[in-house]
Amino acid sequence: LYEMSVWKGDKMSDAGEKKENPLKKKISEKWGKSVTLRGFSQIPYYLLHINRFLSEEKKLSSLELLIIIQLTSNWWDKKENPYPSMINIADRCNVSERQIQRAINKIEEKGFIKREKMLSESGVIQRNSYDMNPLVDILIEISKSHPRIG
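Rules and cut-offs
- Residues numbered from 1 in each chain as written.
- Predicted model: local features only at pLDDT ≥ 70, side-chain atom pairs only at ≥ 80, totals over all residues.
- Heavy atoms only, no water.
- Salt bridge = Lys/Arg side-chain N within 4 Å of Asp/Glu carboxyl O.
- Helix = DSSP H or I, 4+ residues; strand = E, 2+ residues; numbered from the N terminus.
- Buried < 20%, exposed > 50% of the residue type's maximum accessible area, 1.4 Å probe, protein only.
- Core = buried A, V, L, I, M, F, W, Y, C linked by side-chain atoms within 4.5 Å.
- Contact = heavy atoms within 4.5 Å.
- Axes fitted to C-alpha atoms, helices over the stretch in contact; angles between N-to-C directions.
- Parallel < 35°, antiparallel > 145°, perpendicular 65-115°, else oblique.
- Left-handed = near helix turned anticlockwise from the far one by under 90°.
- Nonpolar A, V, L, I, M, F, W, Y, C, P; charged D, E, K, R; others polar.

K.L.:
With reference to specific residues and values, describe the pattern of salt bridges.
P.N.:
All chains considered together, the criterion is met by three salt bridges. A salt bridge links E64 to K110; the shortest N-O distance between them is 2.8 Å. Here K110 lies in the loop between α7 (97–109) and β3 (114–119) and E64 lies in helix α5 (residues 62–73), a separation of 46 residues in the sequence. Residue E64 shares its accessibility class with K110, and that shared class is buried. When the shortest N-O distance is used, the salt bridge between E108 and R115 registers 2.8 Å.

K.L.:
Please give an account of the nonpolar core that cites residues and values.
P.N.:
Within the largest apolar cluster, 26 residues are counted, with the highest numbers of intra-cluster contacts made by I50, I67, I100, I104, F112 and L135. Of all the secondary-structure elements, those providing two or more residues to this core are α4 (45–48), α5, α6 (86–93), α7 and α8 (133–145). In this structure, I100 is in contact with L63, I67, M86, I89, A90, C93 and V95, ignoring residues within four places of it in sequence.

K.L.:
Just give me the short version of the packing of α5 against α6, but keep the residues and values in it.
P.N.:
One can describe the packing of α5 onto α6 by two numbers: an axis separation of 10 Å at closest approach and a directional angle of 120°. For the element pair α5 / α6, the angle class is oblique. When the axes of α5 and α6 are compared, the crossing they make is right-handed. Residues L63, L66, I67, Q70, L71 and S73 of α5 lie in contact with α6, whose contacting residues are I89, R92 and C93. Across the contact of α5 with α6, the residue classes tally to six nonpolar, two polar and one charged.

Set out below in structure tokens:
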């Protein structure tokens with residue numbers, strides 16, 4: 001959990017004083033403490049540039065990429081899939097829930113994510129979770145075939 005380690009990564013000096021993690025300090029200086037206290041997300045550089053490396057039929061629309069970024073911002077632990085509601089994603093992207101549904105279908109069809117149903121104890125679908133490992137695999141392959149991007 002890299003994000004959490006940055007924020008909880010403060011060390012104690014030999015004298016018992018708390019020393020701020022240098023990365024945490026840089027981020028706070030850049031964005032301001034009140035902004036960084038709420039948290040932040042890491043977005044791989046290869047994800048931001050992914051369309052440069054994809055065939056035309058696999059390229060992501062602006063909304064599809066924004067949704068993937070939103071899913072990534074909710075993904076804290078590799079072993080636990082993110083599960084934001086479509087209503088929340090729609091609100092964050094300023095589009096309708098139906099537009100999110102269509103875009104997520106396309107993202108899944110293109111092979112970037114796998115949607116998994118989260119069921120209640122009675123078997124009712126409560127929400128979706130999103131397996132991000134297909135995206136990770138794609139980005140790893142891109143990084144191997146294009147080690148230098150700029």
